[in-house]
Amino acid sequence: MSWRDRQTMALYRSEASAPPSSRADRTIFVLALILIAIGIGMIYSASAVMAQKRFGDSAYFLKRQLMWFAVGLVFLVIMARINLVTLRAMAVPLLLLGLLGLIVVLMPGLGVTVKGARRWLRLGILTIQPAEIVKLGIILYLAHYLAKKGDRLGDFRLGFLPPLLVVGLLIGLIAIEPDLGTAAVIGLVTVGLLFVAGARLGHLATIGLLALPVLYLMISRVGYRRQRMLSYLDPWSDPTGSGFQIIQSFLALGGGGAFGVGLGEGRQKLFFLPEPHTDFVLSALGEEMGFLGTAAVVLLLGMFVAKGFMIAMAAHDPFGRYLALGVALLIGFHTVINVGVISGLFPTKGLPLPFLSYGGSSLMVNMIGTGILLAVSRDRPPILSPGYS
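Residues numbered from 1 in each chain as written. Predicted model: local features only at pLDDT ≥ 70, side-chain atom pairs only at ≥ 80, totals over all residues. Heavy atoms only, no water.

## Examining the overall build of the protein
What counts is decided by this rule: For helices the rule is a DSSP run of H or I covering at least 4 residues; for strands it is a run of E covering at least 2, with both sets numbered from the N terminus onward. Only C-alpha atoms enter the radius of gyration; for comparison, a globular chain is expected to reach 2.2 Å times N to the power 0.38, where N is the number of residues. Using a 1.4 Å probe on the protein chains alone, a residue whose accessible area is under 20% of its type maximum counts as buried, one over 50% counts as exposed, and one in between counts as partly exposed. Here a residue-residue contact requires only that any non-hydrogen atoms of the pair lie within 4.5 Å. The Shrake-Rupley method, run with a 1.4 Å probe, gives the accessible areas here. Residue values count only the displayed protein chains as cover. In this tally, Lys and Arg are treated as positive and Asp and Glu as negative; His is ignored, and so are the chain termini. Where a charge lies is defined by one atom per residue type: Lys uses NZ, Arg uses CZ, Asp uses CG and Glu uses CD.
Counting secondary structure elements, the protein contains 14 helices and three strands. The C-alpha atoms of the protein give 22 Å as radius of gyration, which agrees with the globular expectation for 389 residues (21 Å, within 12%). Put simply, the protein has 389 residues, and 48% of those count as buried. Within the protein, contacts between residues separated by at least 24 positions form 72% of all contacts whose residues are at least 6 apart in sequence. Counting only carbon and sulfur atoms, one obtains 69% of the accessible surface of the protein, whose full area is about 18,200 Å². In the protein, the 32 positive side-chain charges and the 18 negative ones have mean positions that sit 6 Å from each other.

## Quick look at the confidence of the model for the protein
Just so we agree on the cut-off: The pLDDT score gives, residue by residue, the confidence of the prediction method on a 0 to 100 scale.
When pLDDT is averaged along the protein, the result is 87; 91% of the residues meet or exceed 70. For the stretch residues 383-389, pLDDT sits under 50, and the model shows nine contacts to residues farther than four places along the chain or on other chains.

## Quick notes on the sheet that holds strand 3 (residues 126-128)
Under the convention used in this document: Think of it this way: DSSP has to see at least two bridges between two strands before they count as a pair. The angle between two axes is taken between their N-to-C directions and runs from 0 to 180 degrees, where each axis is a line fitted to C-alpha atoms and a helix contributes only its stretch in contact.
The three strands are arranged 1-2-3 in an open sheet whose pairing can be described as antiparallel. Bordering the open sheet on either side are strand 1 (111-114) and strand 3, each of which pairs with just one other strand. On average, adjacent strands in this sheet sit at an angle of 45 degrees to one another, irrespective of strand direction. Pairing of strand 1 with strand 2 (residues 117-123), which is carried by four bridges, proceeds in the antiparallel orientation. Paired with Thr113 across the two strands is Arg118, which belongs to strand 2.

## Observations concerning unusual backbone geometry
A cis geometry characterises the amide bond from Glu177 onward to Pro178, with omega recorded as 0 degrees. Its place among the elements puts Pro178 in the loop between helix 7 (156-176) and helix 8 (180-197). Positive phi, close to 55 degrees, is recorded for Glu275, a residue that is not glycine. Of note, Glu275 is situated in the loop between helix 11 (244-256) and helix 12 (281-314). Take Glu275: its relative accessible area is 27%, and that puts it in the partly exposed class. With phi around 75 degrees, Phe355 is a residue other than glycine that occupies positive phi space. Secondary-structure assignment places Phe355 in the loop between helix 13 (318-342) and helix 14 (360-377).

## What to know about the packing of aromatic side chains
Operational definition: To pair, rings of Phe, Tyr and Trp, with the six-membered ring standing in for Trp, must have centres within 6.5 Å; the planes then decide the type, stacked if under 30 degrees apart, edge-to-face if over 60, and tilted in the middle.
Applying the stated criterion to the full structure yields seven aromatic pairs. Taking 3.9 Å as the distance between ring centres and 15 degrees as the angle between the ring planes, the aromatic pair formed by Phe55 and Tyr60 counts as stacked. Under the relative-accessibility criterion, Phe55 is labelled partly exposed at 42%. A relative accessible area of 24% places Tyr60 in the partly exposed class. A ring pair is formed by Phe156 and Phe160, whose centres lie 5.5 Å apart and whose planes are at 35 degrees; its orientation type is tilted. A residue pair is termed a helical-turn pair when its members lie 3 or 4 positions apart in one helix, as Phe156 and Phe160 do in helix 7 at four residues. By relative accessible area, which is 0% here, Phe160 ends up buried. Taken together, Phe55, Tyr60, Phe61 and Tyr358 form an aromatic cluster joined through their ring pairs.

## Considerations on the nonpolar core
The condition is simple: Buried Ala, Val, Leu, Ile, Met, Phe, Trp, Tyr and Cys residues that are joined via side-chain atoms within 4.5 Å together make up what is termed a nonpolar core.
Counting residues in hydrophobic clusters, the biggest one holds 93 residues, and the most contacted among them are Leu323 and Phe355. Residue contributions to this core peak at 13 residues, all from helix 13. Setting aside anything within four residues of it in sequence, one finds Leu323 in contact with Leu87, Ile139, Leu140, Ala143, Ile372 and Val376. In this structure, Met50, Ala51, Phe61 and Tyr358 belong to the second largest nonpolar core, which totals five residues.

## Observations regarding a nonpolar patch on the surface
The condition that has to hold: Surface patches are drawn from residues lacking salt bridges whose relative accessible area is over 30%; two like charges belong together within 9 Å, two nonpolar side chains (Val, Leu, Ile, Met, Phe, Trp, Tyr) within 5 Å. Every case where a carboxyl oxygen of Asp or Glu lies within 4 Å of a side-chain nitrogen of Lys or Arg is listed as a salt bridge.
A cluster of nonpolar side chains, contributed by Met67, Val71, Val74, Phe75, Ile78 and Ile125, occupies part of the molecular surface with about 510 Å² of accessible area. As for its position among the elements, Val71 is in helix 3 (residues 60-81).

Take a look at the structure:
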């Protein structure tokens, strides 16, 4: 290797190991802050009456969300300053941490059970969802794997199958909790990354076909899931039971009209619409801010995802490219499914709306994901002097 080649390689190595520059994409950060601000306002509006009745404090949920926001902001800044070499080194440890959390949460006496689902771990006054950690762990792991062995994806046994076995194990543990919605989102993100990385369509189609009978059995043999599917087809067949939530969502969205009834003036949140501050926060927003307000929020989320794709395309490092794409796909699939559920396009499923729904674990993941996008946006090809061109 010539002296000039050695100098060029040294410049690339220093670029990877040096602290990130200040050329981060500020647009993605501003979009996240706007969405979080809207979410905090709607969480208070949608939960104040319920919080006063349950806890004697109308700001109970607001205070907890603000606390999580403060913690999330710290993690966002930290992640935004980490270079891609360090992020890549975190892939396997974070994945193993998520796996450990999924195992612990299923142990009797350790996992917190809410409405029949054991998805949470209590840490002092806080509760966390290991499945949320797994989302980031899987994205980091897949980005690392595809950057390292993406050229082998055409080989089913040596390239395509290994990441599927890892992700499949984690999806299986999440489905046992049960949390079919999160499992589905992780599966969609995985397929999306594999497709972009060049996996054969025949291999992806085979996996999809094999998953269909499993999905059918998981729905048809579980009573509440089967009833949800029937209510999705005809919610008015059981308006006071399984169809109640989606009907109340329809009434909230329809009652808001074009401009809404005014912030804080919604009625469906008054013990009619279940979970108005969590999974159905967009329904509460639709009633109070109308179609225009709802469309504006969906547009902001769409801009966030589109900006994530742009950051991925601009990254010169394959790991950073897959990493940014994974975060964008995660936010995008969550948004599509949540909007589809509250509008009746998809069966009812408990998935939060990114940045807006109440929930510390979800907000933390979204903010850490934003920090990752900022870190990737700093990833620029090293600027070489004309003498090295």
